[in-house]
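# Residue-level structural notes
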Amino acid sequence: MEAWALLIAATLNAGTLVALAALGLLINERAGVVNLGAEGMMLMAAIAGFAATVHSGSDVVGLLAGMGAGAVMALAFGLLVVMLNTNQYATGLALSLFGAGCSAFVGQGYTQATLAPRPSFAVPGLADLPWIGPALFRQHPLVLGTAALAAVLAWWLARSRAGLVLRAVGESPEAAHALGYPVRRIRLLAVMAGGALCGLAGAYCSVVYTPLWVEGMIAGKGWIALALTSFATWRPARVLLGAYLFGGVTMLQFHLQGQGVQVASQFLSMLPYLATILVLVLISRNESFIRANMPAALGKPFHPGS
C-alpha cells in the first residue's frame with residue numbers, strides 16, 4: 001500500500017508540471033489564440049527560475065522569475081500575433097525554437113550548479129494519515145494549488161463576467177468588438193496570463209520537480225500540454241484528468257522498471273507520449289463533439305475594420 005501511495009504522489013507531482021502549462025494554454029485558446037511556443041516558454045522559464053533560485057536561495061523567487069520569463073515571451077508573441085496579425089502557428093513555432101536555443105545558450109554556466117537541499121512539505125494533521133497522507137498531503141504546495149487553480153478557472157470561465165467576456169472574444173471577436181470590448185487588449189492579457197502559467201510550469205520543473213538545469217529538460221512536455229487542451233475539450237477539470245493520466249503513465253514506467261519488468265527501457269520511455277497520441281486519436285473520431293466545444297474563432301486573426 002505504501003508503494004502505491006508513493007506512486008500516486010509521484011503521479012500528481014508529474015501531472016502538475018503539465019497541468020499548469022495546459023491551463024495557461026487553455027486561457028489563450030479560450031480567447032481565440034493558439035500559442036505553439038509553450039515548449040520554448042517553459043525552457044526559458046526553467047533556466048530563469050533555476051538561475052534565480054541559485055542566486056537568491058529562494059524557491060519563491062525562482063518560481064516568480066519563471067512566471068516573469070514566461071509572461072515576457074508571451075508578450076512578444078502577443079504583440080506579433082494580436083497587434084500585428086502575424087500567423088499564429090508560424091509565430092508560435094518560432095517562439096518555441098527561440099526558447100530552445102536561447103535557454104541552451106543562457107544555461108551553459110548553470111549545468112554544474114546545484115540547489116540547496118529541497119524543503120519537505122506536509123499538511124498538519126493530514127500528512128500522517130495512513131496511505132492517503134503520503135499520497136496527497138506531503139506534496140509541494142503547487143500540487144494542491146494547481147487543482148485549486150483548475151477549479152477556480154472553471155468557475156471563472158463559466159460564472160464570472162470577465163470569464164464570459166473572455167469566452168465571447170474567443171467565440172465571436174467581431175460581436176465582442178461591436179459591444180465595445182477591447183478585443184485585442186483582452187487577447188493580449190490572456191496570452192500573457194497563459195505565458196505566466198507556462199513559465200510557472202517551467203520553473204516548477206527546474207526548481208521543484210527535478211532541481212537542476214539540463215538543456216532541453218522540458219522534453220516535449222510543452223507539446224503534451226498543448227495536446228491536452230484538445231483532449232480536455234477546453235475544460236479545466238478535464239485538463240487535470242489528462243495531466244494526471246500523463247503523469248501516471250510517466251511514473252508507471254519507473255515503477256515497472258523498479259519491479260524488474262523485462263521490457264525495453266526505450267518502449268517504457270515512449271509510453272506517456274504514446275498514450276497521449278492514442279487518447280487524441282480516440283477523441284478526434286467524434287468531430288462534431290470537438291467542434292461543439294472548440295472556440296469558434298480559435299486561430300483566426302481579428303481585424304477591427306472588417
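Keep in mind that this is a model prediction, so the values were computed, not measured.

### Some words on the overall build of the protein
Across its full length, the protein holds 13 helices and zero strands. Its helices and strands in sequence order give the protein the pattern α-α-α-α-α-α-α-α-α-α-α-α-α, from N to C terminus. Relative to its length of 306 residues, the protein is compact, with a C-alpha radius of gyration of 20 Å against a globular reference of 19 Å. Its C-alpha atoms put the protein at 60 × 45 × 40 Å along the principal axes. Of all 306 residues assigned to the protein, the portion counted as buried reaches 50%. Within the protein, contacts between residues at least 6 apart in sequence are counted, and of these 78% link residues at least 24 apart. Computed over 15 positive and 9 negative side-chain charges, the separation of the two mean positions in the protein equals 11 Å.

### Quick look at the nonpolar core
Side chains of nonpolar character tend, in soluble globular proteins, to be buried together. Ranked by size, the top nonpolar core spans 73 residues in total, and within it Val18, Met42, Leu166, Cys198, Trp213 and Leu228 carry the most contacts. At 13 residues, the largest contribution of residues to this core is made by helix 9 (residues 183-209). With residues up to four places along the chain from it excluded, the contact list for Val18 reads Lys221, Ile224, Ala225, Leu228, Ala243 and Phe246.

### Here's the deal with unusual backbone geometry
Positive phi, normally seen in glycine, also occurs at Ala219, with a value near 55°. By the element assignment, Ala219 lies in the loop between helix 9 and helix 10 (221-231).

### A closer look at the side chain of Arg187
Turning to its location among the elements, Arg187 is positioned in helix 9. A polar contact of 3.2 Å, which involves the side chain of Arg187, links it to the backbone oxygen of Lys300. In this structure Arg187 touches Ala31, Gly32, Val33, Val82, Val169, Pro173, Ala297, Lys300, Pro301 and Phe302, once residues within four positions along its chain are discounted.

### Focus on the packing of helix 2 (residues 38-56) against helix 9
Axis separation between helix 2 and helix 9 bottoms out at 7 Å; the angle between their running directions is 55°. Between helix 2 and helix 9, the crossing angle belongs to the class labelled oblique. Two packed elements cross with a definite hand, and for helix 2 against helix 9 that hand is right-handed. Here helix 2 contributes Ala38, Met41, Met42, Ala45, Ala46, Gly49, Phe50 and Thr53 to the contact with helix 9, which in turn contributes Gly195, Cys198, Gly199, Ala201, Gly202, Ala203, Ser206 and Val207.

### Concerning empty space enclosed by the protein
Taken as a whole, this structure holds two cavities of 30 Å³ or more when the rule is applied. Size it by volume and the largest cavity reaches roughly 90 Å³. Along the walls of the largest cavity sit Ile224, Leu228, Phe231, Gly242, Leu245, Phe246, Pro272, Ala275, Thr276, Val279 and Leu280, which together make up its complete lining. Only helix 10, helix 11 (236-258) and helix 12 (265-284) provide two or more residues apiece to the lining of the largest cavity.

### Looking at the layout of surface pockets
Here the largest pocket defines a volume of roughly 220 Å³. Residues of the lining of the largest pocket, tallied by class, amount to ten nonpolar, two polar and two charged. If you add up the space inside the second largest pocket, you get close to 180 Å³. Taken together, Asn13, Asp59, Arg118, Pro119, Ser120, Phe121, Arg138, Gln139, His140, Val143, Tyr204 and Val208 make up the full set of residues lining the second largest pocket. Along the lines of polarity and charge, the residues of the lining of the second largest pocket split into five nonpolar, four polar and three charged.

### Quick look at the pattern of salt bridges
What the rule picks out here adds up to two salt bridges. A salt bridge links Arg138 to Asp128; the shortest N-O distance between them is 3.9 Å. Taken together, the positions of Arg138 in the loop between helix 5 (132-136) and helix 6 (141-159) and Asp128 in the loop between helix 4 (88-106) and helix 5 put the pair ten residues apart, joining distant regions of the chain.

### A look at the environment of Arg118
For Arg118, the position within the fold is in the loop between helix 4 and helix 5. Assessed through its relative accessible area of 29%, Arg118 is described here as partly exposed. Spatially, the C-alpha atom of Arg118 lies 8.2 Å from that of Pro211, the residues being 93 residues apart in sequence. Arg118 has contacts with Asp59, Val207 and Pro211, leaving out every residue within four places of it along the chain. Of note is the side chain of Arg118, whose polar atom sits 3.2 Å from the backbone oxygen of Ala116. A distance of 3.2 Å separates a polar atom in the side chain of Arg118 from the backbone oxygen of Val207.

Reading the values: the criteria
Residues numbered from 1 in each chain as written. Predicted model: local features only at pLDDT ≥ 70, side-chain atom pairs only at ≥ 80, totals over all residues. Heavy atoms only, no water. Helix = DSSP H or I, 4+ residues; strand = E, 2+ residues; numbered from the N terminus. Rg over C-alpha atoms; globule rule 2.2 N^0.38 Å. Buried < 20%, exposed > 50% of the residue type's maximum accessible area, 1.4 Å probe, protein only. Contact = heavy atoms within 4.5 Å. Lys, Arg positive; Asp, Glu negative; His and termini not counted. Charge placed at Lys NZ, Arg CZ, Asp CG, Glu CD. Core = buried A, V, L, I, M, F, W, Y, C linked by side-chain atoms within 4.5 Å. Polar contact = N/O pair within 3.5 Å; in protein donor to acceptor, adjacent residues only side chain to side chain. Axes fitted to C-alpha atoms, helices over the stretch in contact; angles between N-to-C directions. Parallel < 35°, antiparallel > 145°, perpendicular 65-115°, else oblique. Left-handed = near helix turned anticlockwise from the far one by under 90°. 1 Å grid on protein atoms, 1.4 Å probe; cavity = no way out; pocket = protein on both sides within 12 Å on 5 of 7 lines; lining within 4 Å. Points joined across faces, edges and corners; volume = space filled by probe spheres on them. Nonpolar A, V, L, I, M, F, W, Y, C, P; charged D, E, K, R; others polar. Salt bridge = Lys/Arg side-chain N within 4 Å of Asp/Glu carboxyl O.

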